[in-house]
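# Remarks on the overall topology
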Amino acid sequence: MQWSERYGVFKIHPLADWDEKRVWAYIEVNEIPYNPLHDAGYRSIGCAPCTRPVLPTEDPRSGRWWWEIRAVSECGLHAAPERHLARATRAAA
């Protein structure tokens, strides 16, 4: 639970302490619909140009912004990867 000064309310994060295994168990037991891309190896799904599937041994978020330098890892709303690479290179310099 966290207090929001901006909105004057408590924010509750009910899944904050759940690991991926527990989330998937809940999804399966409760028959909750999910994005079929998860079955194709996409463990963290973002926009199409900025997301790729990952191996089970990789960090789940390693498929997000996979072409970015880690210090600058936002998609920029579907901008061309070349633009982000140039921006990331400038930011790292």
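Everything numeric here is computed off the predicted structure, so don't read it as measured data.

Let us look at the overall build of the protein chain. When helices and strands are counted, the protein chain shows 2 helices and 2 strands. For the protein chain, buried positions account for 20% of its 93 residues. Carbon and sulfur atoms form 60% of the exposed surface of the protein chain, whose accessible area is close to 7200 Å².

As a further point, take the pattern of salt bridges. For the coordinates displayed, the defined rule picks out 2 salt bridges. Two residues, Glu20 and Arg43, come together in a salt bridge whose shortest N-O distance is 2.5 Å. Placement of Glu20 in helix α1 (residues 20–29) and of Arg43 in the loop between α1 and α2 (81–92) is noted, with a sequence separation of 23 residues between them. Overall, Arg43 belongs to the partly exposed group, its relative accessible area being 25%. Taking the shortest distance from any N to any O, the salt bridge between Arg52 and Glu58 comes out at 3.5 Å. When its relative accessible area of 25% is taken as the criterion, Glu58 is described as partly exposed.

Looking now at the confidence of the model for the protein chain. Interpreting fine coordinate detail is not advised for predicted regions of low pLDDT. Summary statistics for the protein chain give a mean pLDDT of 77 and a share of 69% for residues scoring 70 or more. Here α2 stands out as the element of the protein chain with the lowest mean pLDDT, 49, in contrast to α1, whose mean of 95 is the highest. Below pLDDT 50 for its whole length, residues 87–93 participates in 9 contacts with residues either more than four positions away or in separate chains.

About the cut-offs
- Residues numbered from 1 in each chain as written.
- Predicted model: local features only at pLDDT ≥ 70, side-chain atom pairs only at ≥ 80, totals over all residues.
- Heavy atoms only, no water.
- Helix = DSSP H or I, 4+ residues; strand = E, 2+ residues; numbered from the N terminus.
- Buried < 20%, exposed > 50% of the residue type's maximum accessible area, 1.4 Å probe, protein only.
- Areas by Shrake-Rupley, 256 points an atom, 1.4 Å probe, with all protein chains shown as cover.
- Salt bridge = Lys/Arg side-chain N within 4 Å of Asp/Glu carboxyl O.
- pLDDT = per-residue confidence, 0-100.
- Contact = heavy atoms within 4.5 Å.

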